[in-house]
Amino acid sequence: MKILVVGSGGREHALAWKLAQSERVQMVYVAPGNGGTARDARLVNVNITDLHELANFVEQEHIGLTVVGPEVPLAAGIVNLFRARGLKIFGPTREAAQLESSKDFAKAFMHRHGIPTAKYQTFSDVAQAHDYVNANGAPIVIKADGLAAGKGVVVALTLDEAHQAIDDMLADNRFGDAGARIVIEEFLAGEEASFIVMCDGKNVLPLATSQDHKRLKDNDQGPNTGGMGAYSPAPIVTPSMHARVMREIINPTIAGMAKDGIVFTGFLYAGLMIDAQGNPRTLEFNCRMGDPETQPIMSRLKTDLLGVMEHAVNGTLDQVELEWDRRTAVGVVLAAEGYPETPKKGAVIDGIPAETPEAVTFHAGTADVGGQLQVTGGRVLCVVGLGDSVKLAQKQAYEAVDQISFEGMQCRRDIGWRGLKH
Ligand SMILES: Nc1ncnc2c1ncn2[C@@H]1O[C@H](COP(=O)(O)OP(=O)(O)O)[C@@H](O)[C@H]1O
Ligand SMILES: [Mg+2]
């Protein structure tokens, strides 16, 4: 079978890499892909981003299944379009993707269905937003309603920061339409975890747990980023926590969507905040896999991913039991100089080691320019190491990281630190 993976990041490289391992996969196309997918002999980049043109390509090439990585084509309705043309695709419809594409939709949904989350209110009026913040005090969290590529949330520790964020989003239109409405919510303290499941419309299949590292610098210092690394499994999600999240968050979400007339298919990602008493609350939903969580998760998946995807599009995920590598996987992101504010492009990348059973490098912001690998985006590579403990997985990852070089390369040296303390 031929497969199409839509997207160009590290998440898509990891999905395509895993799909290509299936004996029944003849070819994996990646649209548009990156320098790593270009170099992998089992993967073929296709330079198409328009959704109608992608559907045409899938028809012409007789591609049997499409898997979508990023949120933007999902929110634009790629799944609705492909299904209307009779093409098999795994992902949520435009309507289902509102759980991610509108934070107001997600909050109202959680409120309606009793899913634990921070208290909130939605505003489009600047003065009312300022009044609400004055009445509630800091710390407080200000979120642009729409998709903002991970840059639309301000965790304001002071009232000044909160007022500034409101002005940026509502008065100065910093995020355009995405920030024309804002959600202001209660600050939640605790430890975050990523809880990702696959849904086929009826059945829910949880993937391995993981934890992301959002801040640029070691010890969770510096500005927020798209994610500087992730590891799996996340020990904070104990078996009893797992059961509780399924019961209190995931199952009510799928059932609530159905009650509201929306069948949820695709990956569902609940971003959790687990407080000191061990109560999980939902910070947000994503309707796709996380990046970089996908890279360590796919590195641990032993089950044939094509088979799982086929069950997912056929509504038979109840027949699947996933097998995971018992080792821990630690994924370290290597970012460009100036990331996240102003990533510098063009640096030449050297020294990426060949894949081994203990370490694999996934590409994100790279391009193969006449045989030379160059930096083209903020997050450049994600190096995954596997080991019998977090410490051993870190050792494998950083041994590989230390062979790689490009001008201005930034990376954290402590990915997995929360896993060490459990
Ligand atoms: N209510 C909250 N309390 C504390 N921190 C929060 C809260 N909501 C979000 N955050 C922090 O901000 C980050 C980004 O928020 P999130 O809702 O996941 O939006 P997005 O991923 O779309 O930027 C979270 O990973 C978390 O660290
Ligand atoms: Mg998030």
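Residues numbered from 1 in each chain as written. Chains lettered and ligands numbered in written order. Predicted model: local features only at pLDDT ≥ 70, side-chain atom pairs only at ≥ 80, totals over all residues.

Named according to an unreviewed UniProt entry, the protein is Phosphoribosylamine--glycine ligase originating from Duganella callida. Among the UniProt annotations of the protein, the heading Sequence similarities (unreviewed entry) holds the following wording: "Belongs to the GARS family." According to the UniProt record, the Catalytic activity (unreviewed entry) comment for the protein is "5-phospho-beta-D-ribosylamine + glycine + ATP = N(1)-(5-phospho-beta-D-ribosyl)glycinamide + ADP + phosphate + H(+)". (UniProt positions renumbered as here; feature names shortened; annotations may be inferred.)

Let's talk about the domain arrangement of the protein
By the assigned domains, the protein splits into domain 1 (2-92), domain 2 (125-180), domain 3 (191-319) and domain 4 (328-421). Placing a centre on the C-alpha atoms of domain 3 and another on those of domain 4 gives a separation of 23 Å. At the interface, 24 residues of domain 3 touch 24 residues of domain 4. Elements with a contribution of two residues or more to the side of domain 3 that touches domain 4: β13 (215-217), β15 (229-232) and α11 (294-300). Grouping the constituent residues of the side of domain 3 that touches domain 4 by class yields 10 nonpolar, 10 polar and four charged. (Domains from an automatic or database assignment. Contact = placed C-beta atoms within 7 Å. Helix = DSSP H or I, 4+ residues; strand = E, 2+ residues; numbered from the N terminus. Nonpolar A, V, L, I, M, F, W, Y, C, P; charged D, E, K, R; others polar.)

Here we look at the UniProt feature "domain: ATP-grasp" (unreviewed entry) in the protein
The sites that UniProt annotates as "domain: ATP-grasp" (unreviewed entry) are residues 107-314. Secondary structure content for residues 107-314 is 33% helix and 29% strand, and the end C-alpha separation is 30 Å.

A look at the sheet that holds strand β10 (residues 191-200)
Spatial ordering of the open sheet is given by β11-β10-β16-β17, a layout of four strands whose pairing is antiparallel. Only two strands of the sheet have a single neighbouring strand rather than two, namely β11 (204-206) and β17 (280-286). Neighbour-to-neighbour, the strand axes of the sheet open up by a mean angle of 30°, direction not taken into account. Sheet topology places strand β16 (residues 265-274) next to β17; six bridges connect them, and they run antiparallel. Along β17, the bridge assignment pairs M273 with R281. Strands in contact with helix α10 (residues 239-259) are β10, β11, β16 and β17; relative to β17, the strand with the most contacts, it is inclined by about 50°. (Pairing = 2+ DSSP bridges. Axes fitted to C-alpha atoms, helices over the stretch in contact; angles between N-to-C directions.)

Regarding the site of ligand 1
Around ligand 1 sit 15 residues in total, of which A118, V141, V153, L188 and E284 are the nearest. The set of elements that each furnish at least two residues to the shell around ligand 1 consists of β8 (153-156), β9 (182-186) and β17. Its residues placed into classes, the shell around ligand 1 shows seven nonpolar, three polar and five charged. Here the shell around ligand 1 spans two domains, since at least three of its residues come from each of domain 2 (125-180) and domain 3 (191-319). (Near = placed C-beta within 6 Å.)

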